[in-house]
Amino acid sequence: MASNSNISELQQNAKERLRIISGHLQKPANREQLRVSANECKAEAADRSLEKTGTIPKRRQETLKWNGWGYNDSKFMFNKKGQAEFTGKRYRLSGMVLPALREWFEKTFGASLEHKTPARSALNPSEVPPPILNEGFVQDLKGTAIPFSHEAEDRIFRAHGHCLHEVFALREGKFERVPDLVVWPNCHNEVEKIVELACKHNICVMPFGGGTSVSNAVECPSDEKRTILSLDTSQMNRILWIDEKNLTAHVEAGIVGQDLERLLNESGYCTGHEPDSMEFSTLGGWVATRASGMKKNIYGNIEDLVVHIRMVTPRGVIEKSCQGPRMSTGPDIYHFIMGSEGTLGVVTEVTIKIRPIPEYQKYGSVVFPNFDQGVACLREVAKQRCAPASIRLMDNEQFQFGHALKPQVSSIFTSFLDGLKKFYITKFKGFDPNQLCVATLLFEGDREKVLQHEKQVYDIAAKFGGLAAGEDNGQRGYMLTFVIAYLRDLGMDYYVIGESFETSVPWDRVLDLCSNVKERIIRECKEKGVQFPPLSTCRVTQTYDAGACVYFYFAFNYRGLGDPIHVYDQIEHAAREEILANGGSLSHHHGVGKLRKHWLQETISDVGLGMLRSVKEYVDPNNIFGNRNLL
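These numbers were taken from a predicted model, which means no experiment stands behind them.

Trainee: Explain the overall build of the protein chain here, please?
Mentor: When helices and strands are tallied, the protein chain shows 20 helices and 22 strands. Out of the 631 residues in the protein chain, the part that is buried amounts to 55%. Considering only intrachain contacts with a sequence separation of at least 6, the fraction spanning at least 24 residues in the protein chain is 77%. As presented, the protein chain carries roughly 28,600 Å² of accessible surface, and 51% of it is formed by carbon and sulfur atoms.

Trainee: Please clarify how the packing of aromatic side chains should be interpreted in this entry.
Mentor: Aromatic ring pairs are reported here in terms of the distance separating the ring centres and the angle at which the planes meet. Within the structure shown, the criterion is met by 20 aromatic pairs. For the ring pair Trp104 and Phe109, a centre distance of 5.7 Å and an interplane angle of 90° mean the geometry is edge-to-face. Trp104 gets classed as buried once you look at its relative accessible area, which sits at 14%. Residue Phe109 is classed as buried on the basis of its relative accessible area, which comes to 4%.

Trainee: How do you make sense of the pairing of strand β8 (residues 228–232) when you look at a structure like this?
Mentor: Put simply, side chains in a regular strand alternate between the two faces of the sheet. For β8, the buried fraction is high: 5 of the 5 residues fall into the buried class. Across the two faces of β8 the burial is the same, with Ile228, Ser230 and Asp232 and Leu229 and Leu231 all buried. Where strand β6 (residues 181–183) lies against β8, 3 bridges are found, and the strand directions are parallel. Bridged to Val183 within β8 is Leu231.

Trainee: Any chance you could explain the sheet that holds strand β16 (residues 360–368) here in plain terms?
Mentor: Through backbone hydrogen bonds, the strands of a sheet pair up, either in parallel or in antiparallel fashion. The 7 strands lie next to each other as β19-β16-β18-β17-β21-β22-β20, forming an open sheet whose pairing is antiparallel. Edge positions in the sheet fall to β19 (467–468) and β20 (496–506), since each of these pairs with one other strand and no more. Here β20 pairs with strand β22 (residues 547–557) via 11 bridges, running antiparallel. Bridged to Thr503 within β22 is Val550. Lying over the sheet, helix α16 (residues 471–480) contacts β16, β17 (390–394) and β18 (437–445), oriented at roughly 100° with respect to β16.

Trainee: Honestly, the pairing of β16 in this entry has me stumped. Any pointers?
Mentor: The buried fraction of β16 is high, at 7 of 9 residues. Pairing of β16 with β18, which is carried by 9 bridges, proceeds in the antiparallel orientation. Each bridged residue has a counterpart across the sheet, and for Ser365 the counterpart in β18 is Thr440. Two strands pair when backbone bridges link them, and β16 and β19 are joined in this way by 2 bridges, in the antiparallel orientation. What sits directly across from Val367, in β19, is Leu467.

Trainee: Quick question: what am I supposed to make of the environment of Met96 here?
Mentor: Of note, Met96 is situated in the loop between β3 (84–86) and β4 (97–98). Under the relative-accessibility criterion, Met96 is labelled partly exposed at 33%. In this structure, Met96 is in contact with Ala84, Glu85, Phe86 and Pro407, ignoring residues within four places of it in sequence.

Trainee: How do you make sense of the sheet that holds β6 when you look at a structure like this?
Mentor: Across the sheet, which stays open at both edges, the 4 strands sit in the order β5-β6-β8-β7 with mixed pairing between neighbours. Each edge of the sheet is formed by a strand with only one pairing partner; in this case those strands are β5 (148–149) and β7 (204–208). Across 5 bridges, the pairing between β7 and β8 is parallel. Its bridge partner being in β8, Met206 is matched across the sheet by Ser230.

Trainee: Before we go on, may I ask you to explain the packing of helix α18 (residues 510–527) against helix α19 (residues 564–581) in this structure?
Mentor: Between two packed helices, both the angle of their axes relative to each other and the distance between the axes serve to describe the pair. Taken N-terminus to C-terminus, the directions of α18 and α19 make an angle of 155°; their axes are 9 Å apart at the nearest point. Considered as vectors, α18 and α19 are oriented roughly antiparallel to each other. Considering only the axes of α18 and α19, their crossing is right-handed. Counted together, Leu513, Asn516, Val517, Arg520, Ile521, Glu524 and Cys525 of α18 and Ile571, Ala574, Ala575, Glu578 and Ile579 of α19 form the full contact between these two elements. Within the contact of α18 with α19, the residues separate by chemical class into 8 nonpolar, 1 polar and 3 charged.

Trainee: Explain helix α12 (residues 371–383) to me, please; I cannot follow it from the model alone.
Mentor: Residues three or four positions apart in an α-helix share a direction because the helix packs 3.6 residues into each turn. Between the first and last C-alpha of α12 there are 18 Å, a value that for 13 residues agrees with the 18 Å anticipated at 1.5 Å per step. The set of residues buried in α12 consists of Phe371, Gly374, Val375, Cys377, Leu378, Val381 and Ala382. End-on view of α12: buried residues confined to an arc of 155°, all on one side of the axis. Of the surrounding secondary structure, the elements contacted by the buried residues of α12 are β16, β17, β18, α15 (447–463), α18 and β21 (535–543). The distance from a side-chain oxygen at the start of α12 to the backbone nitrogen of Asp372 is 3.2 Å, and the residue carrying that oxygen is Asn370. Just downstream of α12, Arg385 is the residue with a positive phi angle, here 55°.

Trainee: What should I look at first to understand unusual backbone geometry in this one?
Mentor: Apart from glycine, the bulk of residues carry a negative phi angle, and the bulk of peptide bonds sit in the trans form. The residue Ala145 is not glycine, and still its phi comes out positive at about 65°. You can see Ala145 is positioned in the loop between α3 (135–144) and β5. The class for Ala145 is exposed, based on a relative accessible area of 54%. Notably, Arg290 is not glycine yet its phi reads approximately 60°, a positive angle. Within the secondary structure layout, Arg290 lies in the loop between α8 (283–289) and α9 (296–299). Look at Arg290 and you get partly exposed, because its relative accessible area is 32%.

Trainee: Help me out: how do you make sense of a nonpolar patch on the surface in this one?
Mentor: A cluster of nonpolar side chains, namely Ile333, Phe336, Leu612 and Leu631, defines an oily patch on the protein surface of about 270 Å² accessible area. Note on placement: Phe336 falls in helix α11 (residues 334–337).

Trainee: Please explain the side chain of Glu349 as it appears in this structure.
Mentor: Mapping Glu349 onto the fold places it in strand β14 (residues 346–353). The residues contacting Glu349, other than those within four sequence positions of it, are His188, Leu240, His250, Val251, Glu252, Ala253, His308, Ile309 and Arg310.

Quick notes on the rules
Residues numbered from 1 in each chain as written. Predicted model: local features only at pLDDT ≥ 70, side-chain atom pairs only at ≥ 80, totals over all residues. Heavy atoms only, no water. Helix = DSSP H or I, 4+ residues; strand = E, 2+ residues; numbered from the N terminus. Buried < 20%, exposed > 50% of the residue type's maximum accessible area, 1.4 Å probe, protein only. Contact = heavy atoms within 4.5 Å. Areas by Shrake-Rupley, 256 points an atom, 1.4 Å probe, with all protein chains shown as cover. Phe/Tyr/Trp six-rings, centres within 6.5 Å; stacked < 30°, edge-to-face > 60°. Pairing = 2+ DSSP bridges. Axes fitted to C-alpha atoms, helices over the stretch in contact; angles between N-to-C directions. Parallel < 35°, antiparallel > 145°, perpendicular 65-115°, else oblique. Left-handed = near helix turned anticlockwise from the far one by under 90°. Nonpolar A, V, L, I, M, F, W, Y, C, P; charged D, E, K, R; others polar. Expected span 1.5 Å × (residues − 1). Arc of directions from axis to C-beta. Polar contact = N/O pair within 3.5 Å; in protein donor to acceptor, adjacent residues only side chain to side chain. Patch = residues over 30% accessible without salt bridge, like charges linked within 9 Å, V, L, I, M, F, W, Y side chains within 5 Å. Salt bridge = Lys/Arg side-chain N within 4 Å of Asp/Glu carboxyl O.

Listed below in C-alpha cells is the structure:
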C-alpha cells in the first residue's frame, strides 16, 4: 500500500486546494442551486442490521440457485402433462405454458423426456474442500469487525461463474479449488483495510461481484497454495450522490444493474446500460470487463459512460484528481482499469453518466427474406447513424428458437391473427419459413422524435425487403433476453449442453464469419462423435460505424459421449479459432478471463502483452490479486 510520506503529501496538497477554492463556495442568492444528494459510508453505521440491502442478499443462497442460473423460484420445466412452462412470478413469461417448446427441443436435439439426468438437489457441505486459513490474517480481519465467513455454502457460491464446465461440475457435486474465506466490505475504506491486511499476510484476493462471468474469471487457480479470499462487493450497493447539474452519479461498485436503474428511476434518471445479465451483474464487474449493453446505440458502452473510477490496489488507491469529461494527460489510466478483470485491484466507486428517463419508448420488429438482406439493412442503418436504442438481427435458427418460446394463446382471435400474419408473409410475400429472419427494435426518447426515427428505420428496412412485424414481437424478443439463460439448465436435465460466445467484426466480414463459424461447429461436432445434429445459431446484437457484434449459441445432445465437457471444449476452441481466422475479435464484451487468455498475445501483440505485464508487476508485485486472468 502507499507509504505514510506519500499520504501526507497528498493531504497537504488537498488542504492547499481547499484553501484556494474556499472563497468560491459562497454563491449569490439568485444563482441556481446545485442539487446533490449524498450518503455517508455504511461502515460508520452503529447497527449493520439496519442497513439497506439490495435485491441480491448477502447470503446469495437465500435467493439464487447454487448450481444453475438465476433465481431459485424461476426455471423452465416440463410439467406432468409433458408441456413446457416457466415457473415463478418474476418475469412476463412466468407461469405460462409454452406449447411449442417440447416439439422444438426434441426435434432439434434428438432429445427425449424419458432420458433425464437431473442435477443434485442440494449442496453437501462435507464434499467441499476444507478451507486453507492463514490464522494471522484471520485474527487481524476479526479486529476490523468486517463480516467474513468460511462456511462451505458461502464459499461455493463464490467459486464459480457461469461457464458450461463450471455449472456442469456443480450439478454433479464436483468441487476443486474454492475460496477459503468470503469477506463483505461495506465501503471503500473497508476495502483498503482488507487489501492492506492481504499484503501483510500474503493472501490471494479475488474480487467477486455478480458472479455472472462466462470466461472462468472467478474460478480459483487449482495450484494456489495461499489462502484465497473472495472479496464480495455486494454490500457496497448505494448511490453516494446524484449531481443533477452535470448529470452524473457517484455509485458504489457492488450495486447490481437492476438496483442501479431502480434507484436512479426514483429520482427520474437512468444509465441506459442494460447488459443481458443486468439483473445480477454489478457496476464494478462492468468496468472490470469492459461491458456492453443492449441500448449502447444511445447510451454507449461502459467506457463511454464512466467519468471517474476509484480502485484499491496493493500500491494504494488509483483515481484521477478531477471529474472532468476529458483529459489530455498521457495514456488514460482508466483504460488500464477497464478490462483488468480483477488482476490489479478492486474497483470500489464509479462516477457514471446518467440521463433523464426517456419520455417515450416503443418496440418494433422487422422480418426479412433472409439473413443477408437483414445484415445489409443493419449496415445501412449504421451508415446513416440512425440506429435505435437497440437493433438485433436473429438468423433463421434463432427465429425458430424464439418462436418455440411463444406462450400459449388464450384468445381464438389472437391465434387467428397470428395465422393470418404467417400466411401473409410466407404465401403472399413469398418468404421461405426456413430462410427468413427477424430484427427486434427498441426506440427511446422524445415521442415526436421517436416516431420520426421509427419511420426512417422502417423506410430503410423496406429497401432491403423488410416487412414491419409489429410491436409485440419486438417487446417479446427483448423480454426473452432475460429468461433465455435459464434454458441451459433445462437442457442439462436432458443430456443437452450448450453455451454462448461473442465477437466483434468489420462489416465486410460479418456474413462470412457467421456462416463459417456455424458450419465449423457442425463439422466439429460430427468429427468429435456427437451423435445428433447440433444447434448452431447467431444474431447481430450491436452495430457500429465500422462493424458489428455477433453473438453465437451452440448446443448438442451429448448422449453416448464419455467426456462431453472435453468434447465441448474442443468444439468451442475450434469455433474461436474460426472467428479469429475470419477477422473477428477475441471478445466484444465477455472479456478474456482464463478461458480465452491463450489467444491474448496473438490478439494484442507481444509488446502489448508486455505492457500489461509491466503494469501488473508494478501495481501488484506480489500477485495479491492472483486470479490469473488475462496474463
